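# An overview of the molecular structure
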Amino acid sequence: MKRSENEELKQSEETQETEQSSLFQSVVYYFDIFYRVAKALIILVVIVLLIAGSLGAGTAVGYFASLVHGSEIPDREQMMGQINDYTQKSSMYYADGSLISDVRSDLLRTPIPVENVSELLINAVVSTEDEHFFDHDGVVPKAVARALVQDLSEASTTTGGSTLTQQLIKQQILSPEATHERKANEILLAYHLENEVDKDEILEAYLNVSPFGRNNKGQNIAGVEEAAQGIFGVPASDVTLPQAAFIAGLPQRPIIFSPYTQYGEIKENQGLGISRQKEVIFRMYRAGYITKAQFEEARAYDITQDFINRKNVETNDNSYVYDLALEESEELLKEAFMRDDEITDEMLEENPELTNEYKQRADYAIRNQGYSVHTTIDKEIHDTLERVTAEYKDQLGNPRSFTYEDDDGETQTVEVPINTAGAMIENQTGRVLGFIGGTDYDRQQYNVAFKSNRSPGSVIKPLAVYGPAIEHGLITPATIIPDTEYSVPTWSSSAGGYVGHPVTNAVRITNEWMTARQALAVSQNIPASKIYMTMRDDNISEKYIRRMGLDEVQIPSEEFTNPSFALGGLSKGIPPVDLISAFSTMGNDGVHVEPYVIERIEDNNGDIVFEHQIEETRVWGADTNYLLVDMLRDVHTEGTARGTMDLLQFDADWISKTGTTQDRADIWYAASTPRISFGTWIGYGDDEYSLGDDFGIHPSRRNRNFWAELMSAVYEVNPDIFGVNEEFPVPSGVTTESVIQNTGMKSGAVKTPGGRTINYSGSTHSELFKVDNVPGSTVYDFAIEATDKELANFWSGRSSSSESDEPEDDEESDDGDGDDDDE
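Predicted, not measured: the structure shown is a model, and the values here were computed from it.

### Digging into the sheet that holds strand 10 (residues 432-436)
Pairing within the open sheet is antiparallel, and its 5 strands lie in the order 10-9-21-20-19. Unpaired on one side and paired on the other, strand 10 and strand 19 (655-660) mark the two borders of the sheet. Taken pair by pair, the neighbouring strands of this sheet meet at an average axis angle of 10°, ignoring direction. Pairing of strand 20 (residues 666-672) with strand 21 (residues 676-683), which is carried by 7 bridges, proceeds in the antiparallel orientation. Bridge pairing links Ala670 to Gly679 in strand 21. On top of the sheet, helix 16 (residues 379-392) reaches strand 9 (419-426), strand 10 and strand 21; it is set at about 15° to strand 10, its chief contact.

### As for the packing of helix 3 (residues 119-129) against helix 7 (residues 199-209)
For the pair helix 3 and helix 7, interaxial distance at closest approach is 12 Å and the crossing angle is 90°. The pairing of helix 3 with helix 7 is recorded here as roughly perpendicular in orientation. Along the contact surface, helix 3 presents Ile122, Val125, Val126 and Glu129, while helix 7 presents Leu203, Tyr206 and Leu207. Across the contact of helix 3 with helix 7, the residue classes break down as 6 nonpolar, no polar and 1 charged.

### Examining the pairing of strand 6 (residues 372-375)
Here strand 6 shows a buried face lined by Ser372 and His374 and a second buried face lined by Val373 and Thr375. With 3 bridges connecting them, strand 1 (residues 91-93) and strand 6 associate as parallel partners. Each bridged residue has a counterpart across the sheet, and for Tyr93 the counterpart in strand 6 is His374. Sheet topology places strand 6 next to strand 16 (residues 598-602); 4 bridges connect them, and they run antiparallel. Looking at strand 16, one finds that Thr375 is bridged to Ile598.

### Structural notes on the side chain of Thr375
Along the chain, Thr375 falls in strand 6. Its relative accessible area of 3% is what places Thr375 among the buried residues. Here Ile377 takes part through its backbone nitrogen, which lies 3.3 Å from a polar atom of the side chain of Thr375. When near neighbours in sequence (up to four residues on either side) are disregarded, Thr375 contacts Tyr93, Tyr94, Ala95, Ile100, Ala325, Val597, Ile598 and Glu599.

### Concerning the confidence of the model for the protein
Across the protein, pLDDT averages 87, with 84% of residues at or above 70. Confidence over residues 17-21 falls short of pLDDT 50; this stretch has 0 contacts with residues more than four positions distant or in other chains. Low confidence marks residues 32-41, where pLDDT is under 50. Its contacts with residues over four positions away, or in another chain, come to 0 contacts.

### A closer look at the packing of aromatic side chains
Per the stated rule, a full pass over the model turns up 30 aromatic pairs. Measuring from centroid to centroid gives 6.1 Å for Phe782 and Trp795, while their planes differ by 90°, and the two rings are edge-to-face. With Phe782 in the loop between strand 25 (764-770) and helix 26 (788-795) and Trp795 in helix 26, the pair connects residues that are 13 residues apart, well separated along the chain. You'll find Phe782 and Trp795 in the same group, each marked buried. Among the aromatic residues, those joined into a ring-pair cluster are Trp513, Tyr760, Tyr780, Phe782, Phe794 and Trp795. Its end group placed over the ring of Tyr322, Arg104 keeps NZ or CZ at 5.0 Å from the ring centre.

### Re unusual backbone geometry
The phi angle at Glu342 is positive, at roughly 55°, despite the residue not being glycine. By the secondary structure assignment, Glu342 is in the loop between helix 13 (320-340) and helix 14 (345-350). Phi at Asn539 is positive, roughly 50°, even though this residue is not glycine. Take Asn539: it is sitting in the loop between helix 20 (525-536) and helix 21 (540-547).

### Quick look at the packing of helix 9 (residues 241-249) against helix 11 (residues 271-286)
Two elements in contact, helix 9 and helix 11, have axes whose closest approach is 8 Å; the angle formed by their N-to-C orientations is 110°. In terms of axis orientation, helix 9 runs roughly perpendicular to helix 11. Of the residues in helix 11, those in contact with Leu241, Pro242, Ala245, Phe246, Ala248 and Gly249 of helix 9 are Gly273, Ile274, Arg276, Gln277, Val280, Ile281 and Met284. In terms of residue class, the contact of helix 9 with helix 11 is made up of 9 nonpolar, 3 polar and 1 charged.

### What to know about helix 23 (residues 622-633)
In this model helix 23 runs 16 Å from its N-terminal to its C-terminal C-alpha over 12 residues, within 8% of the 16 Å that 1.5 Å per residue would give. Most of helix 23 is tucked away, with 11 of its 12 residues classed as buried. Residues of helix 23 that are buried: Asp623, Thr624, Asn625, Tyr626, Leu627, Leu628, Val629, Asp630, Met631, Leu632 and Arg633.

### Let's talk about the pattern of salt bridges
Under the criterion given, the structure shown has 33 salt bridges. Glu279 serves as the salt-bridge partner of Arg283, at 2.8 Å between the closest nitrogen and oxygen. In this pair, Arg283 and Glu279 both sit in helix 11, 4 residues apart, roughly one turn of the helix. Owing to a relative accessible area of 24%, Arg283 belongs among the partly exposed residues under this scheme. Here Glu279 falls in the partly exposed class, since its relative accessible area comes to 32%. Each member of the salt-bridge network shares a partner with another, and the members are Arg517, Asp630, Arg633, Asp634, Asp653 and Glu767.

### Thoughts on the nonpolar core
In this structure, Met424, Tyr466, Trp654, Trp707 and Met711 are the most contacted members of the largest nonpolar core, which totals 128 residues. Core analysis: the second largest hydrophobic core is formed by 52 residues, Phe212, Ala236, Phe257 and Ala298 among them.

### Quick notes on the environment of Lys183
Looking at the element boundaries, Lys183 is found in helix 6 (residues 180-196). Sequence separation between Lys183 and Lys170 is 13 residues; the distance between their C-alpha atoms is 8.7 Å. Beyond its immediate stretch of four places on either side in the chain, Lys183 contacts Ser162 and Gln166.

### Concerning helix 3
Taken across its 11 residues, helix 3 has 9 buried, putting it largely inside the fold. Leu121, Ile122, Asn123, Ala124, Val125, Val126, Ser127, Thr128 and Glu129 are the residues of helix 3 that are buried. Next to the buried residues of helix 3 lie helix 5 (164-172), helix 7, helix 8 (224-232), helix 9 and helix 11. The N-cap of helix 3, judged by a side-chain oxygen 3.1 Å from the amide nitrogen of Leu120 a few residues on, is Ser118.

### A short note on the sheet that holds strand 5 (residues 220-222)
With mixed pairing, 3 strands are arranged side by side in an open sheet as 3-5-4. Either end of the sheet is taken by a strand with one partner, and the two such strands are strand 3 (108-109) and strand 4 (211-214). As defined by bridge partners, strand 4 adjoins strand 5 across 2 bridges and the pair is classed as antiparallel. Each bridged residue has a counterpart across the sheet, and for Pro211 the counterpart in strand 5 is Ala222.

### With respect to the environment of Tyr446
Note that Tyr446 resides in the loop between strand 10 and helix 17 (448-451). Sequence spacing of Tyr446 and Asp323 is 123 residues, and the spatial spacing of their C-alpha atoms is 9.5 Å. From its side chain, Tyr446 meets the backbone oxygen of Lys451 in a polar contact 2.9 Å long.

### Structural notes on a negative patch on the surface
Where like charges cluster on the molecular surface, the negative patch consists of Asp345, Glu346, Glu349 and Glu350. Assignment of secondary structure puts Glu349 in helix 14. Looking at Glu349, the relative accessible area reads 65%, which means it is exposed.

Reading the values: rules and limits
- The residue numbering used here restarts from 1 in each chain and proceeds along that chain's sequence as written.
- Given that this is a predicted model, residues contribute local features only at a pLDDT of at least 70 and side-chain atom pairs are listed and counted only at 80 or more, while totals for whole chains, interfaces and linings are drawn from all residues.
- Hydrogen atoms and water are omitted, and side-chain values are computed over all heavy atoms in the structure.
- Note on pairing: two strands pair once DSSP finds at least 2 bridges between them.
- Helix and strand definitions follow DSSP, with helices as H or I runs of at least four residues and strands as E runs of at least two, each counted in order from the N terminus.
- Geometry is summarised by axes, namely lines fitted to C-alpha atoms with helices restricted to the contacting stretch, and by angles between N-to-C directions that run from 0 to 180 degrees.
- For this analysis, residues touch if any pair of their heavy atoms sits within 4.5 Å.
- The scheme is simple: roughly parallel for angles under 35 degrees, roughly antiparallel for over 145, roughly perpendicular for 65 to 115, oblique for anything else.
- Residue polarity follows a fixed list, in which Ala, Val, Leu, Ile, Met, Phe, Trp, Tyr, Cys and Pro are nonpolar, Asp, Glu, Lys and Arg are charged, and the others, Gly among them, are polar.
- Each residue is assigned to one of three classes by its accessible area relative to the maximum for its type, calculated with a 1.4 Å probe on protein chains only: buried under 20%, partly exposed between the two thresholds, exposed over 50%.
- Any pair of nitrogen or oxygen atoms within 3.5 Å is treated as a polar contact; in protein, a donor-acceptor pairing is required on top of that, and neighbouring residues in sequence qualify only through side-chain atoms on both sides.
- Every residue carries a pLDDT, the predictor's confidence in it, which falls somewhere between 0 and 100.
- Any two of the Phe, Tyr and Trp rings considered here, Trp counted by its six-membered ring, make a pair once their centres fall within 6.5 Å; the pair's planes then place it as stacked at under 30 degrees, edge-to-face at over 60, or tilted in between.
- We call a charge positioned above a ring when the Lys NZ or Arg CZ atom is no farther than 6 Å from the ring centre and deviates by at most 35 degrees from the ring normal.
- For a helix, the expected span equals 1.5 Å multiplied by the number of residues minus one.
- Within this document, salt bridges are pairs made up of a side-chain nitrogen of Lys or Arg and a carboxyl oxygen of Asp or Glu, the two lying within 4 Å of each other.
- Nine residue types can take part in a nonpolar core, namely buried Ala, Val, Leu, Ile, Met, Phe, Trp, Tyr and Cys, and a core is a set of them joined through side-chain atoms within 4.5 Å.
- Each patch is assembled from residues with relative accessible area greater than 30% and no salt bridge, linking like charges that lie within 9 Å and nonpolar side chains (Val, Leu, Ile, Met, Phe, Trp, Tyr) that lie within 5 Å.
- To be clear on the numbers: accessible area is Shrake-Rupley with a 1.4 Å probe, and residue cover counts the displayed protein chains and nothing else.
- All tallies of charge rest on Lys and Arg as positive and Asp and Glu as negative; His and the ends of each chain are not included.
- For charged residues, the charge sits on one atom: NZ in Lys, CZ in Arg, CG in Asp, CD in Glu.

So this is what it looks like as structure tokens:
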């Protein structure tokens, strides 16, 4: 190689080495910069975290302090009393504060000392509910932190963060509501309890307090002794490993995991309870309480063979008011619990059992957690209604009977006594002041007033027919409706289509051209049907009925297309209290107020967990309502209830309406003063049985006599409730005008279809009208649903000059006893 070439090669190698050295120095240089920047960032992050941690810790401490601020820390004696107070009596009260009754609890509990509990059962409970129970000081911080993170992150699944001590605090001292304040106080009290009470005392209280579902009688049970006895028929000291594991798994979801139904029957599907039992067995093995051989043997064991069979339990008799207050308060507590836990409709759809779980929780709470239920029931009024009913029930009607052949071929006869129901409601508030659940609670505990669906008969006419028609300007009290032959379309399967079905009155077709006022007073079916059919296609009535609190469940929308709806012919029916509540709309200036029984519910600390809020809905205008009021005054002065108010010991501004369903299956009478509404129903509760003229008296008369007895008796104990010196006020939207009696309109020129003009006038009478719907001059087709032939007959013979028609004598039904509605 030439020297020049060697020098070039050397120079090239030196250049390459220089470039590599430069590259290395560049890498080192930039790495140094990166390192310094990263180091600075890390230091900055650490500083920020330390500052944030300090601030967060300070904030957390401050937040915790704010949550527990003002909480009283009980001493040892108080805490022992609270954790060992296994049941807290709930009570229900009348409106005046007097006691209805303490709530009878079906929760069975037999407290036993911890020494009498099997070691297997203790180990099963500890390993499942709190594996660190014997080591912690009341709280496991790691578990609390984990639960807090899950809460803040709104995790879809959560793990429990409560120790046995905390659970005991929650069950016995605090409420079960899921709030940060309750949780903070729970932690504080758990530490305090552990400082004051030894572990065995805490464990003993927990084992005696916790709920364990149901026993073989369907009763709710608490405490391990009742669980062992009620499920396996052995004391808690003698349970086997599989039995101990099954019992220990129950408190998480006691009703769901319970092997029994509410009737004490063994459930067909035990999968959930057995799955939970196997989980407990695994936890016992993991915690070292049992060997692998015991673990495998216990998991393989069929626990269902140990479940004892169903037994009957004697029930305690209560009263209608006790049952009602208990049922209503349970429902309200269930709704409150679900609302507090933010349970949504979507959650209920995903887990249908959720509703039942909250129902069971509410049932347990009202029976065992010291609630006070305050009702609207006026003790004097309610007791009076029940007393008079007991004294008068034999005068309501004779019993009916039916026969059947039993399995042995013997003929058996069953007697069906007559029954009754009623309610008094305060118009402006909706408060139920008293009610009649039935004739005899000892014989039948079913509350007819609140639960029985009965067709309303003619009581519905002012609500569904006359009220809506007046509000819409279709009729006035003076409007003429011919009480003549009339048919409505009815579906016929044999004909394969709609056929005409004749409407009949209770007694006869009068062939009179009645005013709306007269037709309502004597409760004629044909005029009511004619008015309703003019509104049916536009479905005018439904919106007014809905405003009175009668919903789709009680009256499905398809019912409004049925012509018989105008006469109270419903496929399902309405509970008496709801019908009387709807009627009270007219006693309250056309405003409906939802009826209610529970005024408020307080927990064991006196805090209000529920308080009723009045719900008002204007049904129709005050002017429409007053026209109805004035028309319904005629019902008991010259209509179907004539003479009823003469039976009272006092006077008041009453409005009223009678009602009788097809074949006299139901008899009604509803009435209102400006203060209250009260109605009664009598019947046999079965459409197969008709009310006859027992004792020679029409059933409508018997019911009204009963109604008057009740009202007179209530007046004796509380005369102010009726507002005897008050009258329904006349609103400014009502006026008095004179109209022609035969047309319900004013005189004027009438053009006939034939081209004639008749200057028509006649005898007049004064009537009430809405200011914005005073009748104008008489027109040719003035009568509702009059046929062409009927109109032609009316106008035939009328001269083209002025006419003066003398009024015809009104023809009334005898004593108003013929109020049977044909539909």
